[in-house]
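Chains, contacts and geometry: an overview
Each chain is listed here by its residues.
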There are 2 protein chains.
Amino acid sequence: MKQNQHPLIILAFNLLLFFMIFLVCPTYSLTIPRLSPIAEWEKTTTADDYSDVKTFYYNQTLDHFNYNPQSYQIFQQRYLINFKYWGGANSNAPIFALLGAEEPIDSSPPFIGFLTDNAASFSALILYIEHRYYGKSVPFGSREEAVKNASTIGYFNSAQALADYAQVIIHVKKTLHAKNSPVIVIGGSYGGMLATWFRLKYPHLAIGALASSAPILYFDHITPQDAYHSIVSRDFREASKTCYETIRKSWAEIKRVASQSNGLSILSQKFNTCEPLNQIDGLVYSLELMYISAAQYDRPPDYPVNVICGGIDGASSKSSDILSNIYAGVVAFTKSNDTCKVYYGPFNGSETSEGWRWQTCSEMVIPISIGNNSLLEPSPFNYESFARDCKEKFGVAPRPHWVTTYYGGHDIKLVLKKFGSNIIFSNGLRDPYSSGGVLNNISDSLIAVHTVNGSHCLDMLGAKKTDPNWLVEQRKTEIKIMKGWITQYYADLK
Amino acid sequence: MKQNQHPLIILAFNLLLFFMIFLVCPTYSLTIPRLSPIAEWEKTTTADDYSDVKTFYYNQTLDHFNYNPQSYQIFQQRYLINFKYWGGANSNAPIFALLGAEEPIDSSPPFIGFLTDNAASFSALILYIEHRYYGKSVPFGSREEAVKNASTIGYFNSAQALADYAQVIIHVKKTLHAKNSPVIVIGGSYGGMLATWFRLKYPHLAIGALASSAPILYFDHITPQDAYHSIVSRDFREASKTCYETIRKSWAEIKRVASQSNGLSILSQKFNTCEPLNQIDGLVYSLELMYISAAQYDRPPDYPVNVICGGIDGASSKSSDILSNIYAGVVAFTKSNDTCKVYYGPFNGSETSEGWRWQTCSEMVIPISIGNNSLLEPSPFNYESFARDCKEKFGVAPRPHWVTTYYGGHDIKLVLKKFGSNIIFSNGLRDPYSSGGVLNNISDSLIAVHTVNGSHCLDMLGAKKTDPNWLVEQRKTEIKIMKGWITQYYADLK
């Protein structure tokens, strides 16, 4: 049974999938964990009681920006509330609103440990709001109908999602008679972009935003297209120069072996694939996927980049066979006793990968290329072919400049230096997406909090005993800033 | 020929029309001037050469917030540019962007004299952008098609209009290679709301906004519903207590006379109507319309409220016949030698009145009532019947809370005190709409500039030799603040 093999490395068919998959903050949240190679290596230590989390539904408007009859259609939007720590409306106790991203919202309470760890010290309510078209918040009666064609999926975009969040926040505050409870919106990765944009577009509904690993500048040529892979490369180079060079050499070696008459058979054997390879693309992609995800989620205590390089360098000291040494990296990374390591099977898109594919094909056009002198082989971002593929798949073309038109991004310091307030942009510099994040303070209340050794959304996870001091300090800094917002708000309220 | 009579007072059929019509800034801009009773009494003194104004069209996207195939439809959006005063892209000379409101844009250059009067001292380009569904900026090929039903008219709303402006501003700056030219958005009345909201939603595209007479707080119970008519009443009471009382008594007197057997005939004669009255509603509405517009546009040098009260009080000193005295007010107001003063004819909706009717029936729900002890007879704002009428006319219901959901408004000082910058809220306190305006500074860069004796959008008109000192000073203050923004921008740019 293939499904029972829990293979840890999957041969993806499309490089794009990397960027669809990886803009996810807590890696646990994917419903098909095999899409997320790091799902197995970290376990939450949060011991919270999730019976405190109640599920609700809001009658959400299909289209906030149109008044044609169809736009008035209603769908059920799911949101969750954890009342356990809340000080109540009478004391104007705050509300943490986690803005859901490209996944079902019920995966958030256990894994966004930052909220449950800290809600008590704020006496905060925790509100988790699901993003439209994910989980149970799907219009048109069923997911199948909702994503059937461009006419039904067209309502699936960030501006509509932010308006949904606005409506839900207003509704919840009204229902709880909590008019003066300050709301802080929080999100990671795409959710962090949403949190940033929500604070900028709806300052009347949120006094501040914590945006973790939000690459809001990875649009429209603001960030160099090869920036993501520059960091992947740097992560490996800094972990081990020899490991880095071994990986770089491996691509040509794979091709060389594959070009032999029995090459694919040799590769299948060397990489212990679950089924014989019939081309090398799947193998190459699966290795790329491993390196990229190791870099993006290069987390303590193990640091998967170190783990892979430990495997590769350890083997390299004994053998000069590049591919065997690479395979040693795979074994080290997967920590698995499974017989086969590389599973080349059919790709069943999860709602996350399918949904994010649509989002990147419509408005969230994040142009990522692989430059020369990278860990992986060079690969330009060809917008024309990207747009053609999107058009072919969904029937409509991307709008690659819309994000910067609606949300801005160009000259962000010049623009926001004297506009806006109360946003924390947190990043870990080992995260390749940090290249598209805000890494310097914009003003005294638009604050960048980054850690040199941090990774994607690391601060959002629950605290662990093994957390290094810099991570503890990062979270403390964020909490201190957020408490400052609330103190100021209460003072202004008087 | 009725069309040649240029009757100055029109019997409107619906009190709503007052509020549809009057949210127009320069009264000259209406294509059917008879809808605007004050069109005849003021003439522009601007001597600008409008051959400098060139007309352009932009291929605008039908729906910015949806990705269904229809949303990709393109329509031609008109914009005008006056290059005469511009210092050019090389010197990063600024751009004044007038955000069109509920009227064709070509009426703006001659009548928004504030821009042409001051562009030279800024070396500014003047860009006038037409609002979708007005003038020549109409989707679906023709106005008839565009407003045919809720499916086509549904795209007609402020959020879409702001996104249009964003696209046009980006396009114009790109075309002129004027990347670093700062843009200041400007608008009056509804256009002033758009300017405010544009600065708040698109700070990356406009460094500041001048919002003249923008009642951004006249939504959703923020402003008392009777505030508008409290000011109408105050304007008349302050002009003349006896005049005010005469008008108040006149409503019962009209009813008393009308209830007589030949009452309508007497009234037709007393008010010199162009055709015999067959009911009193038209007469009552036309008088209300006169008082309201006199209050809203109570401008120097003549001050129409004084003119009307001069007529009424002058006659009252000689006669105790209330209706004759009221008629003397009508004669004074109209300054007309036409035989007939009150024309009860069929109402041909202009694109402005029709368009604004839609806008107020969908999102711009401005709840205006007439309280007790007002100049006019009390009239509550009944949302249910309002919504029912809208639903009946357009097939869809209003969304009365959307403006405050998307743009805010509640607790504006608390919200914006530490968020946002560079908006001038200008108002004249004789303008009944000033009751829904921002009349106090929110922060040191969200500034309220009001004049006690000013009226609706008065500062936007061209300077006249007869302008009182307080008006000259108001405009000077606005210019000084705007120059400060630009100086700061250039300093930040370095």
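Scope of this entry: the structure provided in the associated data block. From a predicted model like this one, the values you see are computed outputs, not experimental measurements.

**Observations concerning the overall build of chain A**
Scanning chain A from terminus to terminus reveals 18 helices and 10 strands. Counting the 494 residues in chain A, one finds 65% classified as buried. Total accessible area on chain A is roughly 17,500 Å²; 52% of this is exposed by carbon and sulfur atoms.

**What about helix H18 (residues 469–493) of chain B?**
With 25 residues, H18(B) extends 36 Å from end C-alpha to end C-alpha; this agrees with the ideal 36 Å at 1.5 Å per step. For H18(B), the set of buried residues is Leu471(B), Gln474(B), Arg475(B), Glu478(B), Ile479(B), Met482(B), Trp485(B), Ile486(B), Tyr489(B) and Asp492(B).

**With respect to the relation of the copies chain B and chain A**
Superposing chain B onto chain A takes a rotation of 180 degrees plus a shift of 0.0 Å along the axis, which leaves an RMSD of 0.1 Å. What we have between these two chains is a two-fold relation. Nearest to the rotation axis, the C-alpha of Gly420(B) is located 2.6 Å from it, this being the minimum over chain B. Taken together, the interface assignments show that 100% of the residues at the interface of chain B recur at the interface of chain A, consistent with an identical surface on both copies.

**A few points about the sheet that holds strand S7 (residues 208–212) of chain B**
Residue and element names in this part refer to chain B. Here 8 strands make up an open sheet; going across it, the order is S2-S3-S5-S4-S6-S7-S9-S10 and the pairing mixed. Each of the sheet's edge strands pairs with one partner strand only, and the pair in question is strand S2 (53–61) and strand S10 (446–451). Averaged over all pairs of adjacent strands, the angle between strand axes in this sheet comes to 20 degrees, irrespective of strand direction. Two elements, S2 and strand S3 (residues 74–82), share 9 bridges in a ladder whose sense is antiparallel. For Phe 56, the partnering residue across the bridge sits in S3 and is Tyr 79. Contacts from helix H6 (residues 158–175) reach S2, S3, strand S4 (95–99), strand S5 (125–129) and strand S6 (183–188), with the element oriented near 55 degrees to S3.

**Overview of the packing of aromatic side chains**
Throughout the structure, instances matching the rule amount to 54 aromatic pairs over all chains. Their ring planes at 65 degrees and their centres at 6.5 Å tell us that Tyr67(A) and Tyr72(A) sit as a pair that is edge-to-face. Under the relative-accessibility criterion, Tyr72(A) is labelled partly exposed at 24%. With a centroid separation of 4.5 Å and 5 degrees between ring planes, the pair formed by Tyr133(B) and Phe156(B) is classed as stacked. With Tyr133(B) in the loop between S5 and helix H4 (143–146) and Phe156(B) in the loop between helix H5 (150–153) and H6, this pair connects stretches of sequence that are 23 residues apart. Residues Tyr133(B) and Phe156(B) agree in their burial class; the two are buried. Residue placement shows Arg237(A) over the ring face of Tyr244(A); its charged tip is 5.3 Å from the ring centre. Stacked on the ring of Phe122(A), the Lys or Arg Lys483(A) has its end atom at 4.9 Å from the ring centre.

**Description of the side chain of Ser434(B)**
Residue and element names in this part refer to chain B. Take Ser 434: it is sitting in the loop between strand S9 (423–428) and S10. Polar side-chain contacts of Ser 434 include one of 2.7 Å to the backbone oxygen of Asp 431. For Ser 434, the contacting residues outside a window of four places in its chain are Ile 231, Asn 427, Gly 428, Leu 429 and Leu 439.

Calculation notes
- Numbers given for residues are sequential positions, taken from 1 along each chain in its written order.
- To read the labels, note that chains go from A and ligands from 1, taken in the order they are written.
- Per-residue local features of the predicted model are confined to residues with pLDDT of at least 70, and side-chain atom pairs are confined, for both listing and counting, to 80 or more; whole-chain, interface and lining totals are unaffected and use all residues.
- The side-chain quantities take in all heavy atoms of the structure and omit both hydrogens and water.
- Each helix is a run of DSSP H or I of at least 4 residues and each strand a run of E of at least 2, with the numbering of both proceeding from the N terminus.
- Burial classification: accessible surface area is computed with a 1.4 Å probe over protein chains only, and a residue below 20% of its type maximum counts as buried, one above 50% as exposed, and the rest as partly exposed.
- Surface exposure here means Shrake-Rupley accessible area, sampled with a 1.4 Å probe, where a residue is shielded only by the protein chains that are shown.
- Take the residue count of a helix, subtract one, and multiply by 1.5 Å to get its expected span.
- The copies are overlaid by a least-squares fit using only the C-alpha atoms of residues whose pLDDT is at least 70 in both copies.
- A contact between two residues is defined here by any heavy atoms of the two lying within 4.5 Å.
- Pairing between two strands requires that DSSP report at least two bridges joining them.
- The axes are straight lines fitted to the C-alpha atoms, using for helices just the contacting stretch, and the angles between their N-to-C directions are given from 0 to 180°.
- Between the rings of Phe, Tyr and Trp (Trp by its six-membered ring), a pair exists once the centres lie within 6.5 Å; its type follows the angle of the planes, with under 30 degrees stacked, over 60 edge-to-face, and the other angles tilted.
- Each ring is checked for a lysine NZ or an arginine CZ that lies within 6 Å of its centre and within 35 degrees of its normal; such an atom marks a charge sitting over the ring.
- Counted as a polar contact is a pair of N or O atoms within 3.5 Å, where, for protein atoms, one must be capable of donating a hydrogen and the other of accepting one, and residues adjacent in sequence contribute only when both atoms are in side chains.

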